[in-house]
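The primary structure of each chain is shown beneath.
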Amino acid sequence: ETGVTQSPTHLIKTRGQQVTLRCSSQSGHNTVSWYQQALGQGPQFIFQYYREEENGRGNFPPRFSGLQFPNYSSELNVNALELDDSALYLCASSSYRGLNTEAFFGQGTRLTVV
Amino acid sequence: AQSVAQPEDQVNVAEGNPLTVKCTYSVSGNPYLFWYVQYPNRGLQFLLKYITGDNLVKGSYGFEAEFNKSQTSFHLKKPSALVSDSALYFCAVRSTSGNTPLVFGKGTRLSVIA
């Protein structure tokens, strides 16, 4: 167990809807990153939050947005869902001060857009 | 830009035989390198990392990896494979300079046959 928890574990949404995914980071970690893992692919970096501010973003459109709260938990919001948004969404927590430290991943949220 | 290549989609090995899962990387400057394993419907679990120092890194569950700077490779190895090692393996890289995210390869599925 990594101590990183994500909710919900599974979710089915209709195209055009909005979704919010949640992540609780491991104790002592102040950085949260979100990744999208499409079927048969490696995780793709969406964005990273450090101390409640976004400080890194991958090649994802603005309809992917996030928040980090004072307790370092985080949300990923996706607006105007598209079929291609169907994927496993992974949250990872780490210590910003240690770029050489490993990130600890949650079990993921499986999002299906129909 | 950072990138990781895992040239084999699938690796098959008999139980008890040695296994190798290949990874090459591209990064500006020096790399931090990581291996993660993913079991079905689960998040990623950290196996080992290379930061600096000894080129042979030992990790969890008997896995090890060898960093080769001249070949920009970081192959994962295990002397004797177990059926329970069957899973999806991801190599990831991060530059030592700046706040850059982990970049993952597309993964290699390892199948250990009894």
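Check the entry above for the structure.
This text gives an overview of the structure that appears in the document. (Residues numbered from 1 in each chain as written. Chains lettered and ligands numbered in written order. Predicted model: local features only at pLDDT ≥ 70, side-chain atom pairs only at ≥ 80, totals over all residues. Heavy atoms only, no water.)

Time to look at the nonpolar core. All names here are of chain B. In terms of nonpolar packing, the biggest core is built from 27 residues, with W35, L47, L48, F74, L76 and Y89 touching the most fellow members. Among the elements of the structure, β2 (10-14), β3 (19-21), β5 (31-38), β6 (44-50), β8 (64-68), β9 (73-78), β10 (87-95) and β12 (108-113) are those that each provide at least two residues to this core. Looking at which element gives the most residues to this core, the answer is β10, with four residues. When sequence neighbours within four positions are dropped, the list of residues in contact with Y89 reads Q6, W35, Y36, V37, L47, F63, L76, G107, T108 and L110. (Core = buried A, V, L, I, M, F, W, Y, C linked by side-chain atoms within 4.5 Å. Buried < 20%, exposed > 50% of the residue type's maximum accessible area, 1.4 Å probe, protein only. Helix = DSSP H or I, 4+ residues; strand = E, 2+ residues; numbered from the N terminus. Contact = heavy atoms within 4.5 Å.)

With that settled, the discussion passes to the state of the cysteines. Per the counting criterion, the structure on display carries two disulfides over all chains. Between the sulfur of C23 of chain A and that of C91 of chain A lies a disulfide, 1.8 Å long from S to S. The sign of the -60° torsion about the S-S bond sets the C23 of chain A-C91 of chain A disulfide as left-handed. Placement of C23 of chain A in strand β3 (residues 19-24) and of C91 of chain A in strand β9 (residues 87-94) is noted, with a sequence separation of 68 residues between them. Across this residue pair, the class does not change: C23 of chain A and C91 of chain A are buried. Paired through a disulfide, C23 of chain B and C91 of chain B show a sulfur-sulfur distance of 2.0 Å. Taking the sign of the torsion about the S-S bond as the criterion, the disulfide between C23 of chain B and C91 of chain B, at about -60°, is left-handed. On the criterion of sequence distance, the pair formed by C23 of chain B in the loop between β3 and β4 (24-26) and C91 of chain B in strand β10 is long-range, its members being 68 residues apart. Both residues of the pair, C23 of chain B and C91 of chain B, count as buried. (Disulfide = S-S within 2.5 Å.)

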